[in-house]
Amino acid sequence: MVGTTNLWGEAGKVDVNAKPKLRVALVGCGGISGTHINGWKRLSPTAQIVACADPIEDRRHQRGEEIGLPRESRFPYLKDILKSGIEIDAVDCCTNNSAHAPVSIEALNHDLHVLCEKPTTTKPQLVRKIMAARDKAKNRIFMTAQHMRFEQKSLKLKEFLGGGILGDIYYARAQFLRRRYLPARIGFIDKTISGGGPCIDIGVHILDLTLHFMGYPEPVSVTAITPQKMAKRKDIRGWWGEWDRGKITVEDFAAGFIRFKNGGALTLECSWLTNMREPELTKITLMGTEAGAEWPELTIHGESNGSVTDTALKFPQDNTGGHAKEIEVFADAILTGKPSPVPAEQSLNVIRILDGLYRSHAAGKEVKV
Ligand SMILES: NC(=O)c1ccc[n+]([C@@H]2O[C@H](COP(=O)([O-])OP(=O)(O)OC[C@H]3O[C@@H](n4cnc5c(N)ncnc54)[C@H](O)[C@@H]3O)[C@@H](O)[C@H]2O)c1
């Protein structure tokens, strides 16, 4: 299953008498935590959730039941878990965006590893504070849950690109556009809780993945628009239900142009509401001097012996989803002493760019990041 060491036992075999080698506290018991719970269950008993926290009582008890935790292991906040005496090694932070930094810093200050949902935080200075706490902690891993990196198609394309087969990747197009899918909950539409709209919610996924394929070039400047065009209109119907038109304070569309120190560039487009043909479009186009590539199609476009060529990558399908795999690589990195699979230095660049998009829109011009 995971890694090559014997920490995980024989592949596919569960030793029911084993004590967990990695004890995890789940913090935030809302929607996405259910997916994380399934990911941790795959790794049991080597890694297990031993406590959970959410200030909303029903939620922590519902998730607690799903995990199989006794009632006394369910708490309102991380601080309550820390006070309880329950031993933990890592925190899985699934809170709303505004709590990512305080929860992660509190965990790192207690020498715990952290897996934190995306976006890492809403501001670059908060990512820097997380990095400072990580550096003070003893060999602790901080990883943002960029699950799209760990989907099989992404792993395969990254592996294929490994030898530099595209040459100098000087341009990329990253698109995560939704026609009428606006997440209606207050934690997504109120900027004080979410930090932003589709940029922070889904732009963060496609931007991280595109930068990952490009080899994480250093960003220098951004020019963008991040307007709210349709979200207050009562005649627009969302396909995920109604939202409070009076409380939505975030953008519903964004388009940006990002310049890199190496002379390359990237365009990013994302939306929750826009007038387009597809219900959803998730696509990356990479253009290199030797070849181009498209994700998720996994096609390579080049030239050979005087003809242009289109090549498709083929491999047997693995049904492990990106979320389960991200939890696996996080646990594996801790147990086998590897560095964070998503270094915070890379997440900082993602947040610098997203913050730059908003600043550029407000300023009406290109801004340095
Ligand atoms: N990777 C993905 O595909 C994906 C999908 C959905 C959401 N997310 C991310 O996951 C996070 C949670 O999203 P969600 O959809 O589960 O939201 P949600 O609103 O359903 O749940 C968030 C929960 O966190 C709790 N919470 C807030 N502050 C807390 C704190 N300090 N301590 C403990 N609990 C706290 C809230 O009470 C709530 O129950 C967000 O950051 C979101 O961006 C990621």
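Rules and cut-offs
Residues numbered from 1 in each chain as written. Predicted model: local features only at pLDDT ≥ 70, side-chain atom pairs only at ≥ 80, totals over all residues. Heavy atoms only, no water. Salt bridge = Lys/Arg side-chain N within 4 Å of Asp/Glu carboxyl O. Helix = DSSP H or I, 4+ residues; strand = E, 2+ residues; numbered from the N terminus. Buried < 20%, exposed > 50% of the residue type's maximum accessible area, 1.4 Å probe, protein only. Pairing = 2+ DSSP bridges. Contact = heavy atoms within 4.5 Å. Axes fitted to C-alpha atoms, helices over the stretch in contact; angles between N-to-C directions. Near = heavy atom within 4 Å. Polar contact = N/O pair within 3.5 Å; in protein donor to acceptor, adjacent residues only side chain to side chain. 1 Å grid on protein atoms, 1.4 Å probe; cavity = no way out; pocket = protein on both sides within 12 Å on 5 of 7 lines; lining within 4 Å. Sits in = over half its atoms within 2 Å of the grid points. Nonpolar A, V, L, I, M, F, W, Y, C, P; charged D, E, K, R; others polar. Domains from an automatic or database assignment. Disulfide = S-S within 2.5 Å. Buried area = accessible area lost by both parts, 1.4 Å probe. Points joined across faces, edges and corners; volume = space filled by probe spheres on them.

So what exactly am I meant to see when it comes to the pattern of salt bridges here?
Charged atoms that come close allow side chains of opposite charge to pair. In total, this model carries 25 salt bridges according to the counting rule given. One salt bridge connects Lys 325 with Glu 328, and the closest N-O pair in it is separated by 3.1 Å. Of the two residues, Lys 325 and Glu 328 are both situated in helix 10 (residues 322–336); the distance of three residues between them amounts to about one turn of the helix. What makes Glu 328 buried here is its relative accessible area of 4%. Each member of the salt-bridge network shares a partner with another, and the members are Arg 23, Glu 87 and Asp 89.

It is not clear to me how the sheet that holds strand 7 (residues 169–178) should be interpreted in this structure. Could you clarify?
In sheet architecture, strand pairing relies on hydrogen bonds along the backbone and comes in two forms, parallel and antiparallel. Taken in spatial order, the nine strands make up an open sheet running 14-13-12-11-7-10-9-8-15, and their pairing is mixed. The open sheet is flanked by strand 14 (307–312) and strand 15 (367–368), the only strands paired with a single partner. Sheet topology note: the strand 12 (residues 292–295)/strand 13 (residues 299–304) ladder contains three bridges and is antiparallel. Residue Ala 293 lies in a different strand from strand 13, and its bridge partner there is Ile 300. Together, strand 11 (280–288), strand 12 and strand 13 form the strand contacts of helix 6 (residues 152–161), whose direction differs from that of strand 12 by roughly 170°. Packing of helix 11 (residues 344–363) onto the sheet brings it into contact with strand 8 (219–225), strand 9 (253–260), strand 10 (265–271) and strand 15, and relative to strand 8 it is tilted by some 45°.

What is the right way to read the site of the ligand from this model?
The ligand sits among 25 residues. The nearest are Ile 32, Asp 54, Arg 59, Asn 97 and Arg 185. Within the side chain of His 147, one N or O atom sits 3.3 Å away from a nitrogen atom of the ligand. Assessed atom by atom at 2 Å from the grid points, the ligand resides in the largest pocket. A class-by-class count of the residues in the shell around the ligand yields 10 nonpolar, 10 polar and five charged. A domain split of the shell around the ligand shows at least three residues from each of domain 1 (6–147 + 323–339) and domain 2 (149–319 + 350–368).

I would appreciate a short explanation of the state of the cysteines in the present structure.
What is meant by a disulfide is a covalent connection between two cysteines, made through their sulfur atoms. Enumeration over the complete set of coordinates arrives at zero disulfides. Free cysteine: Cys 29, not disulfide-bonded; nearest cysteine sulfur from Cys 52 at 4.2 Å.

Would you mind going over the side chain of Thr 299 with me for this structure?
Within the element layout of this structure, Thr 299 appears in strand 13. Side chain to side chain, Thr 299 and His 301 meet in a polar contact 2.8 Å long. Setting aside residues up to four positions removed in sequence, Thr 299 forms contacts with Gly 292, Ala 293, Glu 294, Thr 311 and Ala 312.

I'm lost on the domain arrangement of the protein chain in this one. Help?
Often the size quoted for an interface is simply the accessible area lost on bringing the parts together. Domain boundaries in the protein chain define domain 1 (6–147 + 323–339) and domain 2 (149–319 + 350–368). With centres defined by C-alpha atoms, the gap from domain 1 to domain 2 works out at 27 Å. Regarding the contact of domain 1 and domain 2, the summed buried area is about 1600 Å², with carbon and sulfur atoms giving 60% of it. Our count for the contact surface shared by domain 1 and domain 2 stands at two salt bridges. Where domain 1 meets domain 2, there are eight residue pairs in polar contact (both at pLDDT 80 or more). Only helix 5 (124–136) and helix 10 provide two or more residues apiece to the side of domain 1 that touches domain 2.

Would you mind showing me how to read the layout of surface pockets here?
In this approach, a probe sized like a water molecule rolls over the atoms, and the result shows the empty space that is left. Estimated volume of the largest pocket: approximately 1100 Å³. Lining the largest pocket are 46 residues; nearest its centre among them are Ile 32, Thr 95, Asn 96, Arg 185 and Phe 188. Counting only elements with at least two residues in the lining of the largest pocket, the list comes to helix 4 (100–109), strand 7, helix 7 (186–189) and helix 9 (198–214). Of the domains in this structure, domain 1 (6–147 + 323–339) and domain 2 (149–319 + 350–368) are the two that each give at least three residues to the lining of the largest pocket.

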